[in-house]
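Now for the letters of each chain:
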Amino acid sequence: MPTGPLPDHASLLGEVRAVRRAGLVRLRALDLPALSRAAGAFGRGPGRHPVERLLRAAVNRLDAVTLREAAAYSLGLAQGTRDWPAADRRRRAAEVYGVSVERFRKHHEPLALGQVAEQIAGLAAERVAAPGTERAPAGGPAARYGPAHRVLTAGGHRVTLHVHPVDLLNDVDVVVSPANVWLALPEPYKSSVPASLRRAGAVRGPTGELVEDLVHDGLRAWAARHGAAGRPVQPATVAATEAGALAAQGVRRIYHAAVAVPRAGTNDYDVLPADVTRAVTRVFALLREESARFDPPLRSLCLPLLGAGRGGLAAVTSATALWAAVEAELARGAPWEVHLVVLDDTDADVLARVVEGGVGAGGAVPGGPGGAAGCERCRAGRARGGGGGER
């Protein structure tokens, strides 16, 4: 534990900017006295450089989903980006906000990096005041900053849990995207799962201009083929489209699960847990139907929490409804490789307890009914998405 005053915000911000320019692969070559001092207060752990651990913890503390995602790309903390050139990381972060690189550089990037520095200062101060403790979000359980991937086991089945933005998935045949019953995708600059998949599936030109909005166009074509253009479908309907540019990452299909019903006269949605279960059941039915049509056959599937964004479901309720359908499918001896994806460790912990502990919607999962109120914070932080919520 260091002695003396902790580094000030200006010093931390200057060094965070230096990390952004150099990237994580050059971290050990940088002179970072302020960040190193703060990292000493934060504590050491196996594997990653202490400053990288500190940066990850600080980014995970950011409440706004868009801000957190942009900061992760800017600093190379998002999976697969640690060795990207600074210009490529900045360009990808600008896409999160749907603005030009120059606009992001002048406005959004200083804001994001400043917030990271502020969180670092807060982390260091809290650890000095109470060594060995974790920061607890207001009204919720202690925050955890875990790995980007976990392997869960349930009934002899292995499930991979991803803790990162959905558009960073690689080599998963089918990704499930939440949708509203009008099959209307949110604008690509939003921070929700469907917006992220729309953005990642689009084809862009050399300067970032949109050439083809493939996921959006595919969903509109599906609606036209099935007589649903301009009208809502029934809740739990699942529409299949190509994955567009995500094919370069090994994603071959997107299944749009219509679980969110718009609430008249508001910007809110209603989601029934039973519709989540029925939608996931139909996802597996569609996967069985489509699998053999592809070469090689479709085998892997990734699910986010459905209805737990603007749909209003608590994370534990969504996880329980989703897992009921997954567990039933795996119990039949189905050959699928199942993946789950969430954006932060709080929701990952909820999913892990549901999958491995069999906790139901009324169980005392942190952040769920009967537990601490941390999920209120998660839902509030994700309420900026569109098209049925972040999940």
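Above this text sits the structure in question.
What counts and how
Residues numbered from 1 in each chain as written. Predicted model: local features only at pLDDT ≥ 70, side-chain atom pairs only at ≥ 80, totals over all residues. Heavy atoms only, no water. Salt bridge = Lys/Arg side-chain N within 4 Å of Asp/Glu carboxyl O. Helix = DSSP H or I, 4+ residues; strand = E, 2+ residues; numbered from the N terminus. Buried < 20%, exposed > 50% of the residue type's maximum accessible area, 1.4 Å probe, protein only. Axes fitted to C-alpha atoms, helices over the stretch in contact; angles between N-to-C directions. Parallel < 35°, antiparallel > 145°, perpendicular 65-115°, else oblique. Contact = heavy atoms within 4.5 Å. Nonpolar A, V, L, I, M, F, W, Y, C, P; charged D, E, K, R; others polar. Phe/Tyr/Trp six-rings, centres within 6.5 Å; stacked < 30°, edge-to-face > 60°. Lys NZ or Arg CZ within 6 Å of the ring centre and 35° of its normal. Pairing = 2+ DSSP bridges. Polar contact = N/O pair within 3.5 Å; in protein donor to acceptor, adjacent residues only side chain to side chain. 1 Å grid on protein atoms, 1.4 Å probe; cavity = no way out; pocket = protein on both sides within 12 Å on 5 of 7 lines; lining within 4 Å. Points joined across faces, edges and corners; volume = space filled by probe spheres on them.

Novice: Describe the pattern of salt bridges, with residues and values.
Specialist: What the rule picks out here adds up to 22 salt bridges. One salt bridge in this structure joins aspartate 213 and arginine 198, with 2.6 Å as the shortest N-O distance. In this pair, aspartate 213 sits in the loop between strand E5 (210–212) and helix H8 (214–225) while arginine 198 sits in helix H7 (residues 193–201), placing the two residues 15 residues apart along the sequence. Assigned by exposure class, aspartate 213 and arginine 198 land together as buried.

Novice: Tell me about the packing of helix H4 (residues 65–75) against helix H5 (residues 86–97), and name the residues and values.
Specialist: At a minimum axis distance of 7 Å, the contact between H4 and H5 shows a crossing angle of 170°. The angle between the axes of H4 and H5 places the two elements in the roughly antiparallel class. Where H4 approaches H5, its residues Thr66, Leu67, Glu69, Ala70, Tyr73, Ser74 and Leu75 are matched on the opposing element by Arg89, Arg92, Ala93, Val96 and Tyr97. Considered class by class, the residues forming the contact of H4 with H5 number seven nonpolar, two polar and three charged.

Novice: Mind laying out the packing of H7 against H8, listing which residues take part and the relevant values?
Specialist: Closest axis-to-axis distance for the H7/H8 pair is 7 Å, and the angle between their directions is 110°. The orientation of H7 relative to H8 falls into the category roughly perpendicular. On H8, the residues that touch Leu197, Arg198 and Gly201 of H7 are Leu214, Val215 and His216.

Novice: Please give an account of the packing of aromatic side chains that cites residues and values.
Specialist: On inspection of all chains with the given rule, the structure shows one aromatic pair. Aromatic pair tyrosine 97 and phenylalanine 104: ring centres 6.3 Å apart, planes at 40°, arrangement tilted. On the basis of relative accessibility, which here comes to 0%, the residue phenylalanine 104 falls in the buried class. When the ring centre of tyrosine 73 is taken as reference, the NZ or CZ atom of arginine 92 above it lies at 4.4 Å.

Novice: Pulling in residues and values, what's your account of the pairing of strand E2 (residues 157–163)?
Specialist: With six bridges joining them, strand E1 (residues 149–154) and E2 adopt antiparallel strand pairing. Bridge pairing in E2 links histidine 149 to histidine 162. Bridging between E2 and strand E10 (residues 337–342) involves four bridges; their strand directions are parallel. By the bridge assignment for E10, valine 163 is matched with valine 342.

Novice: Before we move on, could you go through H7 and cite the residues and values that matter?
Specialist: Counting buried positions over the nine residues of H7 gives nine, a clear majority of the element. Listed in full, the buried residues belonging to H7 are Val193, Pro194, Ala195, Ser196, Leu197, Arg198, Arg199, Ala200 and Gly201. Sitting at the amino-terminal end of H7 is serine 192, which places a side-chain oxygen 3.3 Å from the backbone nitrogen of alanine 195.

Novice: So what about the environment of arginine 53? Which residues, and what values?
Specialist: By the element assignment, arginine 53 lies in helix H3 (residues 50–60). The exposure class assigned to arginine 53 is partly exposed, which follows from its relative accessible area of 25%. On a C-alpha basis, the gap between arginine 53 and leucine 77 in space is 9.9 Å, while along the polypeptide they are 24 residues apart.

Novice: Tell me what's going on with the side chain of glutamine 119, and back it up with residues and numbers.
Specialist: Here glutamine 119 shows up in helix H6 (residues 101–129). Judged by relative accessible area, glutamine 119 falls into the buried class, the value being 14%. If near-sequence neighbours (up to four positions away) are discounted, glutamine 119 is found in contact with Ala58, Arg61 and Leu62.

Novice: Provide a residue-level description of the environment of aspartate 213, including the pertinent values.
Specialist: We classify aspartate 213 as buried; its relative accessible area is 10%. Excluding residues within four positions of it along the chain, aspartate 213 makes contact with Arg198 and Ala202.

Novice: Explain the layout of surface pockets to me, using residue names and the numbers behind them.
Specialist: Size it by volume and the second largest pocket reaches roughly 530 Å³. Surrounding the second largest pocket, 24 residues form its lining, Trp84, Arg92, Glu95, Ala200 and Gln249 being those nearest its centre. Those elements that provide at least two residues to the lining of the second largest pocket are H5 and H7. With four residues, the single largest contributor to the lining of the second largest pocket is H5. Partitioned by chemical class, the residues of the lining of the second largest pocket number nine nonpolar, eight polar and seven charged.

Novice: Talk me through unusual backbone geometry; I want residue IDs and the actual numbers.
Specialist: Phi is mostly negative for residues that are not glycine, and the peptide bonds are mostly trans. Note the cis peptide between aspartate 295 and proline 296, where omega equals 0°. Tracing the backbone shows proline 296 in the loop between helix H9 (273–291) and strand E9 (300–304). In this structure, alanine 236 is a non-glycine residue whose phi angle is positive, near 80°.

All we've got here are geometric facts, nothing functional implied.
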